[in-house]
Amino acid sequence: MPNPKLILAPGRERSLERRHPWVFASAIARTDGSPKPGDTVDVYSAHGKFLARAAYSHPSQIRARVWSWSQDEEIDSAFIARRLAAAIDSRRKLNLPSDGMRLVHAESDGLPGIVVDQYGSAIVLQCLSWGAERWREAVADALMELCQPAVIIERSDADVRELEGLPPRVGVLRGAQPTQPVLVNEAGLQFEVDLSGGHKTGFYLDQRANRILAGSLAAGREVLDCFSYTGGFATHMLQGGATRVTLVDDSAAALQLAARNLERNGLAADKAEFIDGDAFQVLRRFRDSGRQFDVVVLDPPKFAPTRATAERAARGYKDINLLALKLLRPGGHLLTFSCSGGVDAALFQKIVAGAALDAGIDARIIGRLSQGADHPVALNFPEGEYLKGLLIEVS
Ligand code: SAH
């Protein structure tokens, strides 16, 4: 049986011809056959030219996501296994200083909607689209074969599933729930990861290189880890010789795990201060009481998931960056991040520049920061680049 067909409106084939892997509902003129969500469909231009083979997603506005540009490639378990093997092979070559890494980064690995993170012998899978949902068992089987993990945990509870009309799902997919805390070893430091209840898949793997960088800047300095989560930056900075670290987060559970992480690495708890509160308010309080730091890390959650929300997000970023810059001693460093898809690197730099101007502070960029190499960005899919950061030095 041939696959159902999506026929695009005239002129709407351009983005697929540039190999962008999304087909928007608005581009589709006609559907031949009655595909169900997750089914494989063939996408054609108005002139009848084959464009791509894709996974159908209804009711998402991203109505189909491309699996393959070839009419000769069948989408089956073997296809899924081949793509997974290629992604995992590319990670193994990176020799990352960690046993925690993203093995599969969705569209950028040719596997739309599929995210796979490894934490030692545990694997966490996220299925974020109908196509991913359809091939979930095949993905799990292939991962068992390729990686032999002790457990595969599913964390298909990200907000984006709502846009697909998919309910959240969390649980053990293969193997057994670990009885001991799952640990990841990052550049010689151990972090406990909450795979079932933590943010994302449990840990912010994308910040690995930036945490190591922060550690290298910390010797002899007083540092602030704002939006600390489980203390990734703080732990690296204490290890790097910080004299004192202050962690701010509004999640008590994250701060408790951060305290355990410091302890696990034999780092002195009396050098750490934990503040459970809203970072916007805490930063204001610090400013009003004249507190100063030598290094500040600002790693807030996503303020703008889409371009439509970018304006409000820009105000939030400007606010915290302005406050953070005011807390820095002369010669101090700010590592500031945005993981908002709706705010690109150029806009983010503009926002930070505006914050420095309003703060009356002379500062320069001495580093441009991004997600790690295990979070690749396919050249035909710029949306894959979501984390941007600046290392700023104040004069
Ligand atoms: N830097 C961390 C990741 C930070 S994720 C790491 O490397 O692991 C963002 C964190 O911000 C989350 O832990 C979340 O609990 C926290 N958060 C979100 N909104 C906040 C707010 N208004 N004030 C303080 N913390 C907040």
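Residues numbered from 1 in each chain as written. Predicted model: local features only at pLDDT ≥ 70, side-chain atom pairs only at ≥ 80, totals over all residues. Heavy atoms only, no water.

Explain the environment of L111 to me, and be specific about the residues and the numbers.
Looking at where L111 falls in the secondary structure, it is placed in the loop between β7 (100-105) and β8 (114-119). In this structure L111 touches W67, I80, R83, L84, V104 and A106, once residues within four positions along its chain are discounted. (Helix = DSSP H or I, 4+ residues; strand = E, 2+ residues; numbered from the N terminus. Contact = heavy atoms within 4.5 Å.)

A description of the sheet that holds strand β11 (residues 169-175) should follow, citing residues and the corresponding values.
The sheet built from five strands is open, its strands ordered β7-β8-β9-β10-β11 with mixed pairing. Either end of the sheet is taken by a strand with one partner, and the two such strands are β7 and β11. Pairwise comparison of adjacent strand axes, ignoring direction, gives a mean angle of 20° for this sheet. Across five bridges, the pairing between β7 and β8 is antiparallel. The partner of R102 across the bridge, within β8, is D117. (Pairing = 2+ DSSP bridges. Axes fitted to C-alpha atoms, helices over the stretch in contact; angles between N-to-C directions.)

Lay out the site of the ligand in plain terms, naming residues and giving numbers.
Around the ligand sit 15 residues in total, of which R211, D249, D278, A279 and D299 are the nearest. At 3.4 Å, a backbone N or O of F227 approaches a nitrogen atom of the ligand. Backbone polar atom of D250 to a nitrogen atom of the ligand: 3.1 Å apart, as the coordinates give it. Summarising the interface, the protein chains cover 91% of the accessible area of the ligand, which totals 590 Å² for the free molecule. Grouping the constituent residues of the shell around the ligand by class yields six nonpolar, four polar and five charged. (Near = heavy atom within 4 Å. Polar contact = N/O pair within 3.5 Å; in protein donor to acceptor, adjacent residues only side chain to side chain. Areas by Shrake-Rupley, 256 points an atom, 1.4 Å probe, with all protein chains shown as cover. Nonpolar A, V, L, I, M, F, W, Y, C, P; charged D, E, K, R; others polar.)

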